Amino acid sequence: MEKTPFYDVHTALGAKIVDFGGYAMPVQYTGIIDEHNRVRNRVGMFDVSHMGEVEVSGERAKEFVQYITLNDVNKLYEGRAQYSAMTYDDGGLIDDLLVYHLGDKYMLVINAANRDKDVSWIEKQAASFDSVSVNDKSDSIALIAVQGPKSGDVLQRLTDVDLSGIKFYHFESGKLAGIDMIISRTGYTGEYGFELYYHATQADNASVWNAIQEAGKPEDIGPAGLGARDTLRLEMGLLLYGNDMNEQISPLEAGLGWITKFDKGDFIGKDALLALKEKGIQRKITGLKIVDAKLSRRAIPRKGYPIMANGKQIGEVTSGTLSPTLQACIAMGYIDRDFAEEGREVAISVRGNNVAYVVTKPPFIRR
Amino acid sequence: MNFPDDLKYTKEHEWLRIENDVAVVGITDYAQSELGDIVFIEFPEKGSSYSQNDSMGTIEAVKTVADLYAPVSGEVIEVNDELADTPESVNQDPYEKGWMVKIKMSNPSEVDALLDSAAYKEHVAEA
């Protein structure tokens, strides 16, 4: 397993370490529910350095990123980030990602588990674009996410950059805790928060982590692991590649039509996706919420559980959990489009018992 | 991690406190730590009988779900109803408040083949 720059910090904090996408990552420190609530109510910090960062530069960089991703890169300007995805020619999802416009180059932030696949795909496409260079910077970039309603208060103590001036999906470059970094108003929790990218070789990494911990003491900041990251994103209905998306699923089925910009010009997968749009999708990602919350603790939906209606299987759960905020079970899954309308009652088969769920449009909680 | 010397253990990470022909059963400190926040235990019916290694219940944690196995053969004579309201006791106090079921053993000699604290510690170290 590879280690992030904060591995020693995690073990010193007593984290439970698991293999995630080939990285030794903290799944929890004190407990998922505790860490989840800390982020929702105050502020928590995550090591997400396992995420990959790929820089694309050169004269035709914009044209190239436009061609390999779904969203419209023309909408970006320096200081702006965008959610996007890449597909194969057949429209199957390779990965979802963030695209940052860094001025003289673009930075694509990709999932750790897909890093090798993505980088080789991007390099292969770049070969037919002269004067585009692709640099995988993943190993040298540290990434800390500070998330929660108090995150701005905490981080403002460490920087002269006016954080309240950074809008959602925008970023500033500046010093924080004495280190040059990208301060990005993004996250995977649904909370007000920031993601901090910096060169891991610049300083003692623990010093940045510790500076944030120290600054956040009045707000009782604490570390949060991948377990809480998963329950937080699921309450918002945010998708996770490998669970809710894979190469056999198209962005149209995954509810990513809003980032699939057919009018922007040519891009990889466009023809297949247009044809699918024309024909209509057969299955669709949907949110599901348990009908009787009292049953929640005994009927937590898990990846792979069948979704049922009229005695037959109409879909499959791709992510599920007991929502710590709602104290009720929630899930995401693909279901037959005929059953996908909001408010429809279906069932999830939990170890052979059908438990009633209602089709719900995420997010499951309002922020 | 704590593995009391006076208990017996299984490779499936259960502990047993033997009181004459009754085994008090729970899951180990290692097991609770691996599962994370436990939110529900589906207990076997009182009076039901199981053979050793049968699944007799389910442990739901936020992150995952696990089977509760019968570590010895016998009849379930009591379950820890208090865990319905406080399943977190299994995380906080796995060997006392977090006990799960009491089994009246039908074949007490099965206990001889269970692990002692030192052997279980070794098993966990290899996991």
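Nothing here was measured: the structure is a model prediction, and the numbers come from that model.

Analysis parameters
Residues numbered from 1 in each chain as written. Chains lettered and ligands numbered in written order. Predicted model: local features only at pLDDT ≥ 70, side-chain atom pairs only at ≥ 80, totals over all residues. Heavy atoms only, no water. Helix = DSSP H or I, 4+ residues; strand = E, 2+ residues; numbered from the N terminus. Rg over C-alpha atoms; globule rule 2.2 N^0.38 Å. Buried < 20%, exposed > 50% of the residue type's maximum accessible area, 1.4 Å probe, protein only. Contact = heavy atoms within 4.5 Å. Areas by Shrake-Rupley, 256 points an atom, 1.4 Å probe, with all protein chains shown as cover. Lys, Arg positive; Asp, Glu negative; His and termini not counted. Charge placed at Lys NZ, Arg CZ, Asp CG, Glu CD. 1 Å grid on protein atoms, 1.4 Å probe; cavity = no way out; pocket = protein on both sides within 12 Å on 5 of 7 lines; lining within 4 Å. Points joined across faces, edges and corners; volume = space filled by probe spheres on them. Nonpolar A, V, L, I, M, F, W, Y, C, P; charged D, E, K, R; others polar. Domains from an automatic or database assignment. Phe/Tyr/Trp six-rings, centres within 6.5 Å; stacked < 30°, edge-to-face > 60°. Lys NZ or Arg CZ within 6 Å of the ring centre and 35° of its normal. Pairing = 2+ DSSP bridges. Axes fitted to C-alpha atoms, helices over the stretch in contact; angles between N-to-C directions. Salt bridge = Lys/Arg side-chain N within 4 Å of Asp/Glu carboxyl O. Polar contact = N/O pair within 3.5 Å; in protein donor to acceptor, adjacent residues only side chain to side chain. Core = buried A, V, L, I, M, F, W, Y, C linked by side-chain atoms within 4.5 Å.

Draft legend 1. Local environment of the overall build of chain B. Looking only at helices and strands, one finds 3 helices and 9 strands in chain B. Its helices and strands taken in sequence order, chain B reads β-β-β-α-β-β-β-β-β-α-β-α from the N to the C terminus. Against the globule reference of 14 Å for 127 residues, chain B gives a C-alpha radius of gyration of 13 Å, in line with a compact fold. Reported as C-alpha extents along the three principal axes, the dimensions of chain B are approximately 35 × 35 × 20 Å. Among the 127 residues that make up chain B, the fraction classed as buried is 53%. Once local pairs closer than 6 in sequence are excluded, the contacts in chain B between residues at least 24 apart make up 60%. Entry remark: accessible area of chain B is about 6,000 Å², with carbon and sulfur atoms responsible for 42%. On chain B, the mean spot of the 9 positive side-chain charges and the mean spot of the 27 negative ones are 3 Å from each other.

Draft legend 2. Expanded view of the layout of surface pockets. In this model, the second largest pocket occupies a volume close to 360 Å³. Contributing to the lining of the second largest pocket are 23 residues, with Thr30 and Gly31 of chain A together with Gly36, Asp37 and Asn91 of chain B lying nearest its centre. Looking at the lining of the second largest pocket, the elements that each hand over two or more residues are helix H2 (32-41) of chain A together with helix H1 (29-35), strand E4 (38-42) and helix H2 (89-92) of chain B. Here the element with the most residues in the lining of the second largest pocket is H2 of chain A; it accounts for 3 residues. Its residues placed into classes, the lining of the second largest pocket shows 7 nonpolar, 11 polar and 5 charged. Split by domain, the residues of the lining of the second largest pocket number at least three in each of domain 1 (1-281) and domain 2 (283-360) of chain A.

Draft legend 3. Looking closely at the packing of aromatic side chains. Residues and elements named next belong to chain A. In this structure the tally under the stated criterion is 14 aromatic pairs over all chains. Between phenylalanine 262 and phenylalanine 267 the ring centres are 6.2 Å apart and the planes differ by 40°, which places this aromatic pair in the tilted class. Assigned by exposure class, phenylalanine 262 and phenylalanine 267 land together as buried. Ring pairs connect the aromatic residues Phe64, Tyr67 and Phe129, which therefore count as one cluster. The ring of tyrosine 334 has arginine 283 sitting right over it, with the charged end atom 5.6 Å from the ring centre.

Draft legend 4. Examining the sheet that holds strand E5 (residues 52-57) of chain A more closely. Residues and elements named next belong to chain A. Read across the sheet, 5 strands follow the order E6-E7-E8-E5-E9 without closing on themselves; strand pairing throughout is antiparallel. At either end of the open sheet lies a strand with only one pairing partner, and these are strand E6 (81-87) and strand E9 (133-136). Here the average twist between neighbouring strands, direction ignored, is 30°. Strand direction decides the pairing type here: E5 and E9, joined by 4 bridges, are antiparallel. In the strand pairing of E9, valine 56 is matched with valine 134. Docked against the sheet, helix H4 (residues 115-126) engages E5, E6, strand E7 (93-101), strand E8 (105-110) and E9, running at close to 165° with respect to E9.

Draft legend 5. Summary view of the pairing of strand E19 (residues 345-350) of chain A. Residue and element names in this part refer to chain A. In terms of residue burial, E19 counts as a mostly covered element, since 5 of its 6 residues are buried. Taken together, the 2 bridges between strand E16 (residues 306-309) and E19 define a ladder with antiparallel strand orientation. Directly across from methionine 308, in E19, lies its bridge partner alanine 347. Turn length for the E19-strand E20 (residues 353-360) hairpin, with the two strands adjacent in sequence and antiparallel, is 2 residues, and the turn residue arginine 351 shows positive phi of about 50°.

Draft legend 6. Geometry of the sheet that holds strand E8 (residues 74-79) of chain B. With antiparallel pairing, the 6 strands of this open sheet are ordered in space as E1-E2-E3-E9-E8-E5 (chain B). Of all the strands in the sheet, just strand E1 (8-9) and strand E5 (49-50) of chain B have a single pairing partner and so form its edges.

Draft legend 7. Representation of the environment of glycine 26 of chain B within the structure. Residue and element names in this part refer to chain B. Secondary-structure assignment places glycine 26 in strand E3 (residues 22-27). With 98 residues separating them in the primary sequence, glycine 26 and valine 124 have C-alpha atoms 16 Å apart. Contact partners of glycine 26, with chain neighbours within four places excluded, come to His13, Glu14, Trp15 and Met100.

Draft legend 8. Up close: the pattern of salt bridges. For the structure shown, the criterion picks out 25 salt bridges over all chains. Across the salt bridge formed by arginine 60 of chain A and glutamate 63 of chain A, the nearest N and O atoms sit 2.9 Å from each other. Residue classification places glutamate 63 of chain A among the partly exposed residues on the basis of a relative accessible area of 42%. Among the charged side chains, a salt-bridge network with shared partners connects Asp230, Arg233 and Asp244 of chain A together with Lys63 of chain B.

Draft legend 9. Highlighting the interface of chain B and chain A. In this complex, chain B contributes 15 residues to the contact, which on the side of chain A involves 18 residues. Across the contact surface, chain B and chain A share 4 salt bridges. Of the charged contacts in the structure, one is a salt bridge between arginine 351 of chain A and glutamate 60 of chain B, with a shortest N-O distance of 3.0 Å. Remark: the boundary between chain B and chain A carries 10 residue pairs in polar contact (both at pLDDT 80 or more). Of all the secondary-structure elements, those providing two or more residues to the side of chain B that touches chain A are H1, E4 and strand E6 (55-61) of chain B. Its residues assigned to classes, the side of chain B that touches chain A comprises 6 nonpolar, 4 polar and 5 charged.

Draft legend 10. Just helix H3 (residues 61-68) of chain A, in detail. Residues of H3 of chain A that are buried: Ala61, Phe64, Val65, Gln66 and Ile68 of chain A. The elements touched by buried residues of H3 of chain A are E5, E6, E7, E8, H4 and E9 of chain A.

Draft legend 11. Structural detail: the nonpolar core. All names here are of chain A. In terms of nonpolar packing, the biggest core is built from 43 residues, with Leu93, Tyr100, Tyr197, Met245, Ala254 and Leu256 touching the most fellow members. Looking at this core, the elements that each hand over two or more residues are E6, E7, E8, strand E10 (141-147), helix H7 (226-235), helix H8 (270-279) and strand E18 (328-336). In terms of domain composition, this core takes at least three residues from each of domain 1 (1-281) and domain 2 (283-360). Among all residues touching leucine 93, those that are not within four sequence positions of it are Ala85, Met86, Thr87, Tyr241, Met245, Asn246, Glu247, Ile249, Ser250, Pro251, Ala254 and Leu256.

Draft legend 12. Inspection of H2 of chain A at higher detail. Of the residues making up H2 of chain A, those classed as buried are Ile32, Glu35, His36, Arg38, Val39 and Arg40 of chain A. Close packing links the buried residues of H2 of chain A with strand E3 (23-28), strand E4 (44-47), E10, strand E14 (222-223) and H7 of chain A.

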